[in-house]
Amino acid sequence: MRLVLLGPPGSGKGTQAKWLKARYGIAHLSTGEMLRASIFEDGELGREIRLLMESGELVPDDLVVRMIEEKIARPECEKGFVLDGCPRTLVQAEALDQMLSDKHMGLNLVIEMTVDPDEVIRRISGRFSCISCGASYHVTFNKPLSDDTCDYCGHTEFEKRSDDSEETVRKRLDSYWSKTATLVSYYRDKDLLQSVDSMKPVNTVSLEIGRLISNYVG
């Protein structure tokens, strides 16, 4: 099973990708996590990616596709994978299709997660995490039980990602709508696209994605 979750930052792609991994035993390939990991590498590439992410810009297409190609060759992808964060541009989509075709593979389904832009800003700009264990929280939707203590490890220090500020989120949305929205028609023309309303409760969205997989993947 090879899936793509398509949608703007904050539409819930990561949450649903984790559910898909647990439900179907497929790998969750988050380009955001892969790129953030590279920031900690001591080299020119890590510094370049850090600047791009902090300014809300997209990482070059060829770099993203090369990372994915390396990942899908690993044993954890034998049952399939769900892509979260790629493709983001038409060039990435075409390069991804060509790479998979060269490996005699193809995508089974592309799920578009629709969400109101103002809700995206509210979701992302309110996020913060524990600096010790990485547990995620939100100032409105998911506060720690105690305001100054992590529920999971008891640590008392939290951090907010620099690219989660409202200004940067708006830039990321502008990049999404200008460069990524064309993917909807691209995958619709290939009869791969289905949509879910990700404004609904998380469990409801998961059930709808599961129904789509049953209907279109087998």
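Refer to the preceding data block for the structure.
Residues numbered from 1 in each chain as written. Predicted model: local features only at pLDDT ≥ 70, side-chain atom pairs only at ≥ 80, totals over all residues. Heavy atoms only, no water.

Moving on: the sheet that holds strand E7 (residues 158–159). With respect to topology, three strands assemble into an open sheet ordered E6-E5-E7, the strand pairing being antiparallel. Each edge of the open sheet carries a strand with a single partner, namely strand E6 (136–138) and E7. Relative to E6, strand E5 (residues 127–130) runs antiparallel, the two sharing three bridges. When the sheet's bridge partners are listed, phenylalanine 128 is paired in E6 with tyrosine 137. (Pairing = 2+ DSSP bridges. Helix = DSSP H or I, 4+ residues; strand = E, 2+ residues; numbered from the N terminus.)

Attention now goes to the pattern of salt bridges. Tallied over the full model, the rule gives five salt bridges. Linking lysine 190 and aspartate 97 is a salt bridge whose minimum nitrogen-to-oxygen distance equals 3.8 Å. Placement of lysine 190 in the loop between helix H8 (182–189) and strand E8 (193–197) and of aspartate 97 in helix H5 (residues 90–102) is noted, with a sequence separation of 93 residues between them. Residue classification places lysine 190 among the partly exposed residues on the basis of a relative accessible area of 41%. (Salt bridge = Lys/Arg side-chain N within 4 Å of Asp/Glu carboxyl O. Buried < 20%, exposed > 50% of the residue type's maximum accessible area, 1.4 Å probe, protein only.)

All right, on to the packing of helix H6 (residues 117–125) against helix H7 (residues 166–179) then. Here H6 crosses H7 at 135 degrees, and the two axes come no closer than 10 Å. By the angle between their directions, the pair H6 and H7 is classed as oblique. As for the relative orientation of H6 and H7, their crossing is right-handed in sense. Where H6 approaches H7, its residues Pro117, Val120, Ile121, Ile124 and Ser125 are matched on the opposing element by Glu166, Val169, Arg170, Arg172, Leu173 and Trp177. Per-class residue counts for the contact of H6 with H7 are seven nonpolar, one polar and three charged. (Axes fitted to C-alpha atoms, helices over the stretch in contact; angles between N-to-C directions. Parallel < 35°, antiparallel > 145°, perpendicular 65-115°, else oblique. Left-handed = near helix turned anticlockwise from the far one by under 90°. Contact = heavy atoms within 4.5 Å. Nonpolar A, V, L, I, M, F, W, Y, C, P; charged D, E, K, R; others polar.)

Across soluble globular proteins, you tend to see nonpolar side chains buried next to one another. With 34 residues, the main nonpolar core has Ile68, Phe81, Leu96, Leu107, Val110 and Tyr187 as its most contacted residues. Elements with a minimum of two residues in this core: strand E1 (2–6), strand E2 (27–30), helix H2 (31–39), helix H3 (44–54), helix H4 (61–72), strand E3 (81–84), H5 and H8. No other element matches H4, which puts six residues into this core. If we ignore the near neighbours within four places in the chain, the residues touching valine 110 are Val4, Leu6, Tyr187, Leu192, Leu193 and Gln194. With 14 residues, the next largest nonpolar core counts Val205, Ile209, Leu212 and Ile213 among its residues. (Core = buried A, V, L, I, M, F, W, Y, C linked by side-chain atoms within 4.5 Å.)

On to the packing of aromatic side chains. Within this structure, the stated rule accounts for five aromatic pairs. For the ring pair phenylalanine 128 and phenylalanine 158, a centre distance of 5.5 Å and an interplane angle of 85 degrees mean the geometry is edge-to-face. Taken together, the positions of phenylalanine 128 in strand E5 and phenylalanine 158 in strand E7 put the pair 30 residues apart, joining distant regions of the chain. The exposure class of phenylalanine 158 is partly exposed, given its relative accessible area of 25%. For the ring pair tyrosine 186 and tyrosine 187, a centre distance of 5.0 Å and an interplane angle of 75 degrees mean the geometry is edge-to-face. No difference in accessibility class separates tyrosine 186 from tyrosine 187, as the two residues are buried. In this structure an aromatic cluster arises from ring pairing among Phe128, Tyr137 and Phe158. If you follow arginine 23 out to its NZ or CZ, it ends over the ring of tyrosine 24, 4.7 Å from the centre. (Phe/Tyr/Trp six-rings, centres within 6.5 Å; stacked < 30°, edge-to-face > 60°. Lys NZ or Arg CZ within 6 Å of the ring centre and 35° of its normal.)

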